[in-house]
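Listed here are the chains, written in short residue letters.
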Amino acid sequence: MFSLLLGTLYALAPAVFGGLLPNATYSMNITDCPGYTLGSLQESVIGLTAQLSLAGPECNAFGLDISDLTIEVTYQSQSTLHVKIYDTANQQFTIPESVIERPTAPTTSYTGSSDLVFNYDAMPFAFWITRRSDPDAMPLFDTRASSLPPTPIPPFNASDPSTAFDGFPLVFEDQYLQVASALPYGTNIYGLGEVIASSGFRRDIGTDGGVGTIQTHWNRDGPDPIDQNMYGSHPIYLEHRYNATTGKASSSGVLLLGAAGSDIFLQTPKNSKVSLIEYRLIGGILDFYFFSGPTDAEVIAQYGSIIGYPMWQPAWGFGFHLCRWGYHNISEDIENVAQMRAAGVPLEVQWNDIDLYHAYRDFTTDPVTFPGDELRAFIQGL
């Protein structure tokens, strides 16, 4: 899927980027990507801000390396930590506030009391998130190379070279971003929707005979395919883990707030003592929110407090709706509703799909199969 995403991007590049990239050449390999070094750190009562500088020569793997980044860490609440890594020049796309309104800066300091703690190494830059309430446990999120399996790791899909892991540096390019985190071996991951996963609600992480997961976020009008990208993108996962030492279980959540096409890998390489998650994006920034839970319900509530809660639904919205693509004419609609009424079925809503359009054009009706006058009379009857 990643090859498909990258190919699509290159095909669109002249139109999207105004033809700025026709002579660019890329190595297609992140092995020599240098990562970043942290400097100019400033702490505040709500978190910290620092600069990240490219730690060596540009690798230009799948795009042009961005030399200067900014990282902002905000202890948003007792249970939510915000880690945002973006290009200092602010040229990369971010989701506008008009689409998803972000929470305002906290007026209370949670740096000393939040259950989530941000830790970092300056060179090469890496960060990891721990629980204040369980400091000896494996971090909830850990980008240190020393915590991840040794590389290179051969492709886990022999027919797709892009499923290899050549290295785990932080890569931040104009059209390729990459970051990976170690996870407990065989941990329980849920989410990364929208998808119908063959493994069920628990995502395949490559243990117990599984092959792992490549979850593509690239919205498309697919008819509910198995293990493939669908109508929406929800790049949040919930992890449920059990601590055998303490005998306690807890959940946490990680949201990557972005709209760029991406592949998210869940994998446990052969002979590895840990599992991993790796994000590969074709644009945007790295805008992470971490939720401490510790219950599943609390993780989802904390997630909702960031992206917004669902709107209130009208009472009729909870009733029985009937819809399909394939009503060939208005007569079928009329007959369908008549049969429902005759059978005493409490039908609340009758939907029509794009069959009713003229040549599938919005704001039209087909003059032969759904004549305007007949359709109007049908609606009045409803």
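Note that the structure is a prediction, hence the values are computed from the model and not measured.

Asker: What is the right way to look at helix α3 (residues 330–342) in this model?
Answerer: Counting along an α-helix, one turn takes 3.6 residues, and residues three or four places apart therefore face a common direction. Along its 13 residues, α3 runs 18 Å from first to last C-alpha, staying within 8% of the 18 Å computed at 1.5 Å per residue. Looking only at α3, the buried set comprises Ile330, Asp333, Asn336, Val337 and Met340. Seen along its axis, α3 keeps its buried residues to an arc of 125°; they face one direction. Its side-chain oxygen 3.0 Å from the backbone nitrogen of serine 331, asparagine 329 forms the N-cap of α3. Just downstream of α3, glycine 344 is the residue with a positive phi angle, here 75°.

Asker: Can you help me understand the state of the cysteines in this one?
Answerer: Linking two cysteines covalently via their sulfur atoms produces the bond known as a disulfide. Tallying each qualifying case throughout the model produces one disulfide. Here cysteine 33 is linked by a disulfide to cysteine 59, with a sulfur-sulfur distance of 2.0 Å. The S-S bond linking cysteine 33 to cysteine 59 shows a torsion near 80°; that makes this disulfide right-handed. Here cysteine 33 is found in the loop between α1 (2–16) and β1 (36–44), whereas its partner cysteine 59 is found in the loop between β2 (47–54) and β3 (68–75), with 26 residues between them in sequence. As far as burial versus exposure is concerned, cysteine 33 and cysteine 59 are alike and both buried.

Asker: I keep staring at the domain arrangement of the chain and nothing clicks. Help me out?
Answerer: The assigned domain composition of the chain is domain 1 (36–307) and domain 2 (315–381). Here the C-alpha centroids of domain 1 and domain 2 sit 44 Å apart.

Asker: Any chance you could explain the packing of α3 against helix α4 (residues 372–381) here in plain terms?
Answerer: Two quantities define a packed helix pair, namely the angle between the axes and the distance from one axis to the other. Closest axis-to-axis distance for the α3/α4 pair is 10 Å, and the angle between their directions is 15°. The pairing of α3 with α4 is recorded here as roughly parallel in orientation. Helix-helix and strand crossings are classified by hand; for α3 and α4 the assignment is left-handed. The segment α3 lies against α4, with Ile330, Asp333, Ile334, Val337 and Arg341 engaging Glu374, Leu375, Phe378 and Gly381. Its residues assigned to classes, the contact of α3 with α4 shows five nonpolar, one polar and three charged.

The rules behind each value
- Residues numbered from 1 in each chain as written.
- Predicted model: local features only at pLDDT ≥ 70, side-chain atom pairs only at ≥ 80, totals over all residues.
- Heavy atoms only, no water.
- Helix = DSSP H or I, 4+ residues; strand = E, 2+ residues; numbered from the N terminus.
- Expected span 1.5 Å × (residues − 1).
- Buried < 20%, exposed > 50% of the residue type's maximum accessible area, 1.4 Å probe, protein only.
- Arc of directions from axis to C-beta.
- Polar contact = N/O pair within 3.5 Å; in protein donor to acceptor, adjacent residues only side chain to side chain.
- Disulfide = S-S within 2.5 Å.
- Domains from an automatic or database assignment.
- Axes fitted to C-alpha atoms, helices over the stretch in contact; angles between N-to-C directions.
- Parallel < 35°, antiparallel > 145°, perpendicular 65-115°, else oblique.
- Left-handed = near helix turned anticlockwise from the far one by under 90°.
- Contact = heavy atoms within 4.5 Å.
- Nonpolar A, V, L, I, M, F, W, Y, C, P; charged D, E, K, R; others polar.

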